4 protein chains.
Amino acid sequence: MKKKLNEYLKKESSINSNCGVFGIYNNPEAAILTYYGLHSLQHRGQEAAGIVTSEFLESENRHRFNIHKDHGLVSNVFRDEKILTDALRGTAAIGHTRYSTTGASDKRTNIQPFKVIFKGGNLALSHNGNLTNTRELRNHLQDEGTLFQTSTDSELLLHLIARSKKESIEEKILEAVSFIKGAYSICILTDDKLFAIRDPYGVRPFCMGKLGESFVFASETCALDIINADYVRDVMPGEMITIDKDVIKSGEPKSVYFEKVERYRHCIFEFIYFSRPDSIVFEEKVDKVRRRIGKNLALESPPPKKEDDRKRVVVINVPDSSNTATLGYFSEAAKHNSDIKNEIGLIRSHYVGRTFIQPGQDKREMKVRTKFNIVKGVLSDRKVVMIDDSIVRGTTSKLLVDLLKKASPKEIHLKITSPPIISPCYYGMDFPSKQELIAARKDKNLEEIKEWLGVDSIAYLSEEKLLESATNTRPETGFCTACFSGNYPIQIEGIDEIPKNGFDD
Amino acid sequence: MKKKLNEYLKKESSINSNCGVFGIYNNPEAAILTYYGLHSLQHRGQEAAGIVTSEFLESENRHRFNIHKDHGLVSNVFRDEKILTDALRGTAAIGHTRYSTTGASDKRTNIQPFKVIFKGGNLALSHNGNLTNTRELRNHLQDEGTLFQTSTDSELLLHLIARSKKESIEEKILEAVSFIKGAYSICILTDDKLFAIRDPYGVRPFCMGKLGESFVFASETCALDIINADYVRDVMPGEMITIDKDVIKSGEPKSVYFEKVERYRHCIFEFIYFSRPDSIVFEEKVDKVRRRIGKNLALESPPPKKEDDRKRVVVINVPDSSNTATLGYFSEAAKHNSDIKNEIGLIRSHYVGRTFIQPGQDKREMKVRTKFNIVKGVLSDRKVVMIDDSIVRGTTSKLLVDLLKKASPKEIHLKITSPPIISPCYYGMDFPSKQELIAARKDKNLEEIKEWLGVDSIAYLSEEKLLESATNTRPETGFCTACFSGNYPIQIEGIDEIPKNGFDD
Amino acid sequence: MKKKLNEYLKKESSINSNCGVFGIYNNPEAAILTYYGLHSLQHRGQEAAGIVTSEFLESENRHRFNIHKDHGLVSNVFRDEKILTDALRGTAAIGHTRYSTTGASDKRTNIQPFKVIFKGGNLALSHNGNLTNTRELRNHLQDEGTLFQTSTDSELLLHLIARSKKESIEEKILEAVSFIKGAYSICILTDDKLFAIRDPYGVRPFCMGKLGESFVFASETCALDIINADYVRDVMPGEMITIDKDVIKSGEPKSVYFEKVERYRHCIFEFIYFSRPDSIVFEEKVDKVRRRIGKNLALESPPPKKEDDRKRVVVINVPDSSNTATLGYFSEAAKHNSDIKNEIGLIRSHYVGRTFIQPGQDKREMKVRTKFNIVKGVLSDRKVVMIDDSIVRGTTSKLLVDLLKKASPKEIHLKITSPPIISPCYYGMDFPSKQELIAARKDKNLEEIKEWLGVDSIAYLSEEKLLESATNTRPETGFCTACFSGNYPIQIEGIDEIPKNGFDD
Amino acid sequence: MKKKLNEYLKKESSINSNCGVFGIYNNPEAAILTYYGLHSLQHRGQEAAGIVTSEFLESENRHRFNIHKDHGLVSNVFRDEKILTDALRGTAAIGHTRYSTTGASDKRTNIQPFKVIFKGGNLALSHNGNLTNTRELRNHLQDEGTLFQTSTDSELLLHLIARSKKESIEEKILEAVSFIKGAYSICILTDDKLFAIRDPYGVRPFCMGKLGESFVFASETCALDIINADYVRDVMPGEMITIDKDVIKSGEPKSVYFEKVERYRHCIFEFIYFSRPDSIVFEEKVDKVRRRIGKNLALESPPPKKEDDRKRVVVINVPDSSNTATLGYFSEAAKHNSDIKNEIGLIRSHYVGRTFIQPGQDKREMKVRTKFNIVKGVLSDRKVVMIDDSIVRGTTSKLLVDLLKKASPKEIHLKITSPPIISPCYYGMDFPSKQELIAARKDKNLEEIKEWLGVDSIAYLSEEKLLESATNTRPETGFCTACFSGNYPIQIEGIDEIPKNGFDD
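Basis of the calculations
- Residues numbered from 1 in each chain as written.
- Chains lettered and ligands numbered in written order.
- Predicted model: local features only at pLDDT ≥ 70, side-chain atom pairs only at ≥ 80, totals over all residues.
- Heavy atoms only, no water.
- Helix = DSSP H or I, 4+ residues; strand = E, 2+ residues; numbered from the N terminus.
- Rg over C-alpha atoms; globule rule 2.2 N^0.38 Å.
- Buried < 20%, exposed > 50% of the residue type's maximum accessible area, 1.4 Å probe, protein only.
- Contact = heavy atoms within 4.5 Å.
- Areas by Shrake-Rupley, 256 points an atom, 1.4 Å probe, with all protein chains shown as cover.
- Lys, Arg positive; Asp, Glu negative; His and termini not counted.
- Charge placed at Lys NZ, Arg CZ, Asp CG, Glu CD.
- Domains from an automatic or database assignment.
- Buried area = accessible area lost by both parts, 1.4 Å probe.
- Salt bridge = Lys/Arg side-chain N within 4 Å of Asp/Glu carboxyl O.
- Polar contact = N/O pair within 3.5 Å; in protein donor to acceptor, adjacent residues only side chain to side chain.
- Nonpolar A, V, L, I, M, F, W, Y, C, P; charged D, E, K, R; others polar.
- Least-squares fit on C-alpha atoms with pLDDT ≥ 70 in both.
- Pairing = 2+ DSSP bridges.
- Axes fitted to C-alpha atoms, helices over the stretch in contact; angles between N-to-C directions.
- Disulfide = S-S within 2.5 Å.
- Arc of directions from axis to C-beta.
- Phe/Tyr/Trp six-rings, centres within 6.5 Å; stacked < 30°, edge-to-face > 60°.
- Lys NZ or Arg CZ within 6 Å of the ring centre and 35° of its normal.
- pLDDT = per-residue confidence, 0-100.
- Parallel < 35°, antiparallel > 145°, perpendicular 65-115°, else oblique.
- Left-handed = near helix turned anticlockwise from the far one by under 90°.

(A) Inspection of the overall build of chain A at higher detail. For chain A, the count of helices and strands is 18 helices and 24 strands. Compactness check: chain A gives a C-alpha radius of gyration of 24 Å against a globular reference of 23 Å for 505 residues, within 12% of the reference. Each principal axis of the C-alpha distribution contributes one length, and for chain A these read about 80 × 55 × 50 Å. In chain A, buried positions account for 64% of the 505 residues. Of all intrachain contacts in chain A linking residues separated by at least 6 positions in sequence, the fraction that spans at least 24 positions is 71%. When the accessible surface of chain A is summed, it comes to about 18300 Å², and 47% of that surface belongs to carbon and sulfur atoms. Placing the 73 positive and 71 negative side-chain charges of chain A at their respective mean positions leaves the two points 4 Å apart.

Pasting the structure below:
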């Protein structure tokens, strides 16, 4: 029974994994600025992108919502400038970049933002995160005759808002939000208002900025930077911020805290891997945390010593995901061991290459090879310390190790800037099921993983040091480490208690 | 006030004008056969096309609905064979071709079939026609918190079905249908059933066919012909036919008549112009009716006499829309006047050409010229009788007349195979508002229209003879002639009585 | 040996079969007008299209040649208006539509117009027809070190021009032309001149028109009509017309007759099928000839008599190719047999449909069915006389007959408006090899063809009457009837004498 | 006069700037392997790509050349797998990636490889480099009646080969090569042979590899790595290597040295910027040279000292072009100044973003901002040392400096890993004319450049140290440093002597 539930949950969560959201209010260039914002959030989702604008039609004295969304990268979806300048007119906009899923051909309807018509006019929504109590709500709504266009949890919220008997749109949204659980950083656009809402645990990042007289919301501050907007503060966990004409006049956003929890549960993986190093996330500079992570890993798991007179130990990064952590690791390790060198041992090609299978060749191997090449000269005959951010299934790590070996290194030492991932994520991170997580597999203990990967040693950062790295400057904040610990801070539908280490199916 | 209503109605009706629908049940090639069916119905809508299939996933013991729809001709939307063979798997399918509208960029959501999820599983719908009481229903549903994805009336029916408290899907659909008024020929596909429903007045055509063990529904019989299916009978006005596994076993479709009216109100324009001449529509061969129309027009309005010894009167068709009627006109007229000749005076290019404006040139003129060219030799110095099907705004007729004049004909006599169009259509035909209908314009009596067009005479077929042509073999049947008479047989929302000759705004 | 030669010739000729050419000089809208001209010539080639313009760059005091060409219909190749308005600037242009070939992926280079650079500047060429002595010339040029970009005979002429030692471009072209044999209607554009050249036998049509101060050349007059240009006269067989600035001033085109033959050899198939009925071709109205062809066929091969009291004989056309001939046939036959009726028995869909194969279904059958449907009511139980233009392989005729039979006609009588095709064409018409021509097959005499097609009778027009139809008003002119007679009027490379009835391989 | 010449030369050279070439012989997967090779060489040209294969048609006992090329990235041009597997069959292939130019719409013909037919059969060519004596040769050939399809110098070579009177193809190529001057690394494919030819000065890199029984040629070794081929040796300056069936049997490539020069003139810019750091180029590991360059720059131009107790000096790279040099700079500088830190101050987005102009915003600024973002935390209040590879026009440097300033650094010190660029390149590097080179501008001395850029100091690497870095392990080799010195080692057409420091126009 639990197995079935788990499958169900995985299916749901896989649909709405981590994404990028953006919103802007009171700017004649709303669509173009949203385009740039989404471009900056491209790393949060490459499968699809979309923008909705609210345009006031003077002649008809009403608002029209314009929408354009499609599969593909932001620059492809909006490759025709006319879409931004002519079709997406309006002074308010929300946008969305969507993470890759196993997309069936009909999944075009799942691309966000969603746009609907309800009694209060137009309504559009962009959501990053994952709701955890959708099944019951969905069943209830369907029983009452509600039609669903998509299989996403995000659509649910729109129905809840539309069905609310409350008077004002603010109250409707708050009532709708009171029904849902899970992780959500949401922008909602109505005819004349923009709302930013974040779940009480603050699982996903969400920030507010200002550009002249315009208000901006984005998943990460890098989306403020690109349009020259100033970072004001985060949308706080359990907060709904409203922007409307009055706010523009007063300059003061309206804020409501709809729920307070004892301790936030920010997703620690945003620091480890997902967010850009140039962003401020959870009110903390990502690159600083990542550097501390590298330092702590160096303290817990220093590089090996050289064996003879030659300087034989090199520390390399996996570009670009472990660049910053590698700097931290090396600078700390070099204090204790002046023989080591920091080197560029892997070159990454940023041209995305299609991979065509040849007889007798492995598709995934070619995929790694179109992305990475080794710099033989710095690896050959060296003890190589490779810093990587995480091991999920282990397949990519293995292919990277195989690639390194073509340079005939003396030894390979794998240092991971996170603890072993042993439990799936129900709050938006695209991890596979427990069975596929190599660190959770019964048939593979650490020694066996090492053997399977073909490395001379493997070391993970401890959860304790990871948390220390993340909370260094703000000890009061809290993090979700469910993927490492199995401790799920937010209730998941249909389960009274989630067993430590996740579901044991 | 009436003006506003009229505008509202026009806006609504312009969204859902005449279209083609198709459905098939119990065939492993459901998608490909639907593709061919839609290709045959292409003349009923060139803007967009779509197919939904119901696929039973054995391993998951559930049905999945696959969908593909897009702007463009059927052959473009389904240009990739894999869409039909791989993506659109399943043994039941419905399809739709959509008539051109002034499509805003966001109108992709308006393309049919619609596909939703409700408590009973999957649900998809294709609709030809136009509902006339949607405003009230829509308002009511929105007040109860229903979200609308589209601005079409077709979506309404889906909500009504989903919200029905009735037990069975048949009862739900019948309840939903009981709320709506207007013209509708509808295919509904559920996980395991296919429904064909037609409004009590039978405004739009709808037929049933059989292909081996498969049941087929289509707007016109030409869609049965292309897939070699046999025409069985029409879906009757006020009838709902259900096809499911039991029906396949028994070979007998289930039929329910949900409403009976005294007299049908078939759209007479299907005979005049819209349907294909090779179709059987309203249980009558279109080409036969069209030939009778031509004959009656010849009797009411014979060609002029030649003036001198040369055979100088030629009868020409406007290809391909008046081909059959011209044959009828000529064969009748020749009985009384052996001097006339039937000629091909206009050549139509079937390559659709984009029209690029040049300075000092009229776009519409170029459009006519990329479509038609004159055969000067048969027109020059002749009295030309041009048979055309109808005059709506008059602009195309004028451009055709201008084109003819390049051949320096002696005279031009315009014979129209329908009465003057003086009222808009609220049941699905894409006519403009009363103000744009040249025959309804206060500033243009018949003489003035003749002058404006630049012809030597103009003659319309009388409504009486038109009806006689259409009811020749089936005097008991009834037709809607609202566009000629202003007598609207089906109630239109918010109006107790529609004034004769329509709204006088 | 002859077999090999024949294969070689077929291969060559298949590359350059019948096409449409267009040229215009001295018009600021040269590209747009060429676009419209090519649109009118679309029936002469649907595989590819292209335009080259000559633009004078004032700032650089030189001419630039702009080019755009691609596979596809004219409206697709030029679907982006900017191509015509921005990219293809200039006051002179030539264009080309290309007939379908078995195009290898690399055949993009074969699309015309060709554009090259030679010592005299830019040079571009559009060619309709087929050269018959290319092999020797090509070998000679290659031996001298000439590179060929294409496998077409048209490129040859460009090399001959470039290599000419003559002073003026006129002389160079004339010298080049003196080397070639075969059928050619050619537009050549240089930096500041436009040339129109036609082979001495006048195999392919070629006309000159005037639009204000601009000179226009086109394969058929329908391309003059669409741009409102006046037809002036034909480019005469063996004539080269030059248009340049002086000509614009004087208003008088320069004309040189480079070769005179005793008797022209116009391709009679242009009248039977290829040219549009609204064109004037070989100084004769196509529709008039086609009507006479129909009449003569009726005299030679009248329809059958009805058997009993009902009017049971119907004459039908194959739309649109036999429309005009059918009118001629019927009007003549009706004089002698008042019982027959002219009917529309086949409806043609002008939406080009892709054909997807289903298991157990024939692709070609579906292709015919997506193009034609029968009007059962006028065929059922009738003696059907179907007028068609020609029988090549016989496969399409057979599929049409099979289609007709679905209506259960009493009898089917096939009347062909041309004699049996027994020999391939080396001058540009896309006929298959002798082995594939059903009328040339040893294993099929007329009786056997009748049986194979499944018709009750089959009749061809005699060559004598065909020629009479074509020369009715101009007895002095001559025609090539090689496909019917095997008498090849223009020498074909490597053969001293072509045997009557072609090569007997 | 010299000005005009210079312009001419620039125009020519801009057409054929640095590119990537690839060739493979004797492999059933020739096209797919070439695809991967080109993917690895994508950094050498992003404008267009193409592949030609030689396929032996057994049934016809002849070779067919298949070609596919288009504008766009390698993965776009070959996005359809069928192109590689079905269209590009054959066991030998050559490919090309083309650097961006100001492409007119007609420049499709300029995309390489070129494929032609000559008396010896098929002939195809891929060229990296730039010829310097094309004008005279081109004029001569045109005078003799040669047609040119393109405006590239590469086509010239094909004509020279075709026109050679020599017997064998080897001799023809060698004769053709004897006429040309300049920089060239060329793959030539004939029906059954593959040739690799490199200019006597070895300006551009060119290497040979082996993959099983197949021979491979590529601009850089990274293209060997991706297909797992082993690097054998360079194609040597002045060498032509021939691969044919005999070579496959013997395993020994045939080599001819057609010209020997005293000292090679490798393009030093390949080390500074153009080649990938994981390649071996000019028989030297690029990353090693680049690290030495960084070290030498640190010695010549160390970072500033910190001012007070805080560690305030940070060294940052411009990703990814100065990654390796920055490592070298930092490791050397840190030896002498332990206070400095290596930081990641700029984050590069590898999603190529289209840039849409907004009113009041600079397009180029947005372009830089879609590519780079700053990590404020590591820059703010610091003395920032930014290592960049070169300054050409200075505009990008200025935009980067402006971007850095948003983080309010204390100071900015710009360290360039190359000397000032003062002269254009006629051998393939895409530099602008002398007037646009900021270091060559009369109105800007070093102090003024510093001011204009807004930096606190600017330092270039000396030419001496640059050469020392490049020749460290191979002192005997020679480099072209014309862009820094104006000393052009290879004669340029029409000039007896190129003045030191280039043309003073």
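(B) Broad picture of the domain arrangement of chain A. If you check the domain split of chain A, you get domain 1 (2–265) and domain 2 (289–470). Relative placement of domain 1 of chain A and domain 2 of chain A: their C-alpha centres are 35 Å apart.

(C) Focus on the interface of chain C and chain D. Taken together, the contact between chain C and chain D spans 27 residues of the former and 27 residues of the latter. Summed over both partners, the interface of chain C with chain D comes to about 2400 Å²; 50% of that surface belongs to carbon and sulfur atoms. Summed over the shared surface of chain C and chain D, the number is zero salt bridges. There are four residue pairs in polar contact (both at pLDDT 80 or more) connecting chain C and chain D. Of all the elements in the fold, those that place two or more residues in the side of chain C that touches chain D are strand 3 (62–71), strand 5 (114–118), helix 5 (134–143) and helix 6 (154–163) of chain C. In terms of residue count, helix 6 of chain C provides more of the side of chain C that touches chain D than any other element does, five residues in total. Of the residues belonging to the side of chain C that touches chain D, the class tally is ten nonpolar, seven polar and ten charged.

(D) Structural view of the relation of the copies chain C and chain B. Of the two same-sequence chains, chain C is brought onto chain B (RMSD 0.0 Å, axial shift 0.0 Å) by a rotation of 180°. Each copy turns onto its partner about a two-fold axis. The rotation axis passes nearest to the C-alpha of His 350 of chain C in chain C, at a distance of 3.0 Å. The overlap is high: 100% of the interface residues of chain C also sit at the interface in chain B, so the same surface is used on both sides.

(E) Expanded view of the sheet that holds strand 7 (residues 182–190) of chain A. Residue and element names in this part refer to chain A. Taken together, the six strands give an open sheet; going across it, the order is 5-6-7-8-12-13, and neighbouring strands pair in antiparallel fashion. For this open sheet the edge positions go to strand 5 (114–118) and strand 13 (254–257), each flanked by a neighbour on one side alone. Strand-to-strand, the axes of this sheet are offset by a mean angle of 20°, without reference to chain direction. In terms of strand pairing, strand 8 (residues 194–198) meets strand 12 (residues 239–243) through four bridges, oriented antiparallel. What sits directly across from Ile 197, in strand 12, is Met 240. In the packing of helix 6 (residues 154–163) onto the sheet, contacts are made with strand 5, strand 6 (121–131) and strand 7, and the angle to strand 6 comes to roughly 135°.

(F) Main features of the interface of chain C and chain B. Residue-level contacts link 59 residues of chain C with 59 residues of chain B. Approximately 5000 Å² of surface area, both sides summed, lies buried where chain C meets chain B, with 55% of it carried by carbon and sulfur atoms. The tally of links from chain C across to chain B stands at four salt bridges. For Glu 343 of chain B, the salt bridge goes to Arg 291 of chain C, with nearest N and O atoms at 2.3 Å. A per-element tally of the side of chain C that touches chain B places helix 2 (residues 30–40) of chain C first, with five residues. Looking at the side of chain C that touches chain B residue by residue, the classes come out as 23 nonpolar, 17 polar and 19 charged.

(G) Geometry of the state of the cysteines. Tallied over the full model, the rule gives zero disulfides over all chains. The thiol of Cys 480 of chain A is unpaired, and the distance to the nearest cysteine sulfur, on Cys 425 of chain A, comes to 6.4 Å. Taking the relative accessible area as the measure of exposure, Cys 480 of chain A reaches 9% and is therefore buried. Not engaged in a disulfide, the cysteine Cys 207 of chain B finds its nearest cysteine sulfur in Cys 222 of chain B; these two sulfurs lie 8.3 Å apart.

(H) Looking closely at the sheet that holds strand 8 (residues 194–198) of chain D. Residue and element names in this part refer to chain D. The strand order across the open sheet built from six strands is 5-6-7-8-12-13, with neighbouring strands paired in antiparallel fashion. At either margin of the open sheet sits one strand with a lone partner, and together these are strand 5 (114–118) and strand 13 (254–257). In this sheet, adjacent strand axes meet at a mean angle of 20° when their direction is disregarded. Both strand 6 (residues 121–131) and strand 7 (residues 182–190) contribute to a ladder of nine bridges, which runs antiparallel. Opposite Ser 126, over in strand 7, you have Cys 187 as the bridge partner. Against the sheet, helix 7 (residues 169–179) touches strand 5, strand 7, strand 8, strand 12 (239–243) and strand 13, its axis set at about 25° to strand 8.

(I) View of helix 16 (residues 446–453) of chain D. Residues and elements named next belong to chain D. Ile 449, Lys 450 and Leu 453 are the residues of helix 16 that are buried. One side of helix 16 holds all its buried residues, which, seen down the axis, span an arc of 100°. Close packing links the buried residues of helix 16 with helix 15 (395–405), strand 22 (411–416) and strand 23 (457–460). The N-cap of helix 16, judged by a side-chain oxygen 3.1 Å from the amide nitrogen of Glu 447 a few residues on, is Asn 445. Phi turns positive, to about 80°, at Gly 454, one or two residues after helix 16.

(J) Fine view of the packing of aromatic side chains. Under the defined criterion, the tally for this structure stands at 48 aromatic pairs over all chains. One cation-aromatic arrangement involves Arg 138 of chain A over Phe 148 of chain A; the distance from NZ or CZ to the ring centre is 4.3 Å.

(K) Here's a closer look at the confidence of the model for chain A. Residue and element names in this part refer to chain A. The predicted model of chain A has a mean per-residue pLDDT of 90, with 90% of residues at 70 or higher. Scored below 50 in pLDDT, residues 1–16 makes 40 contacts in the model with residues more than four places away or belonging to other chains. Across the predicted assembly, pTM comes out at 0.90 and ipTM at 0.90.

(L) Inspection of helix 5 (residues 134–143) of chain D at higher detail. Residue and element names in this part refer to chain D. All of the buried residues along helix 5 are Thr 134, Leu 137, Arg 138, Leu 141 and Gln 142. Buried residues of helix 5, viewed axially, fall in a sector of 130°; they line one side. Looking one or two places after helix 5, you find Gly 145, whose phi comes out positive at around 100°.

(M) Molecular detail of the packing of helix 6 of chain C against helix 7 (residues 169–179) of chain C. All names here are of chain C. At a minimum axis separation of 8 Å, helix 6 and helix 7 run at an interaxial angle of 130°. With respect to helix 7, the element helix 6 is oriented oblique. The two elements helix 6 and helix 7 meet at a crossing, and its hand is right-handed. Between helix 6 and helix 7, the contacting residues are Leu 157, Leu 160 and Ile 161 on the first element and Ile 169, Lys 172, Ile 173, Ala 176, Val 177 and Phe 179 on the second. Per-class residue counts for the contact of helix 6 with helix 7 are eight nonpolar, no polar and one charged.

(N) Examining the pattern of salt bridges more closely. Residue and element names in this part refer to chain A. In total, this model carries 100 salt bridges over all chains according to the counting rule given. For Glu 436, the salt bridge identified is with Arg 393, shortest N-O distance 3.1 Å. Pair noted here: Glu 436 is in the loop between strand 22 (411–416) and helix 16 (446–453) and Arg 393 is in the loop between strand 21 (383–388) and helix 15 (395–405), with a separation of 43 residues, a long-range link. Residue classification places Glu 436 among the partly exposed residues on the basis of a relative accessible area of 38%. Looking at Arg 393, the relative accessible area reads 39%, which means it is partly exposed. A single salt-bridge network, built from bridges that share partners, covers Arg 44, Arg 204, Glu 220 and Glu 270.

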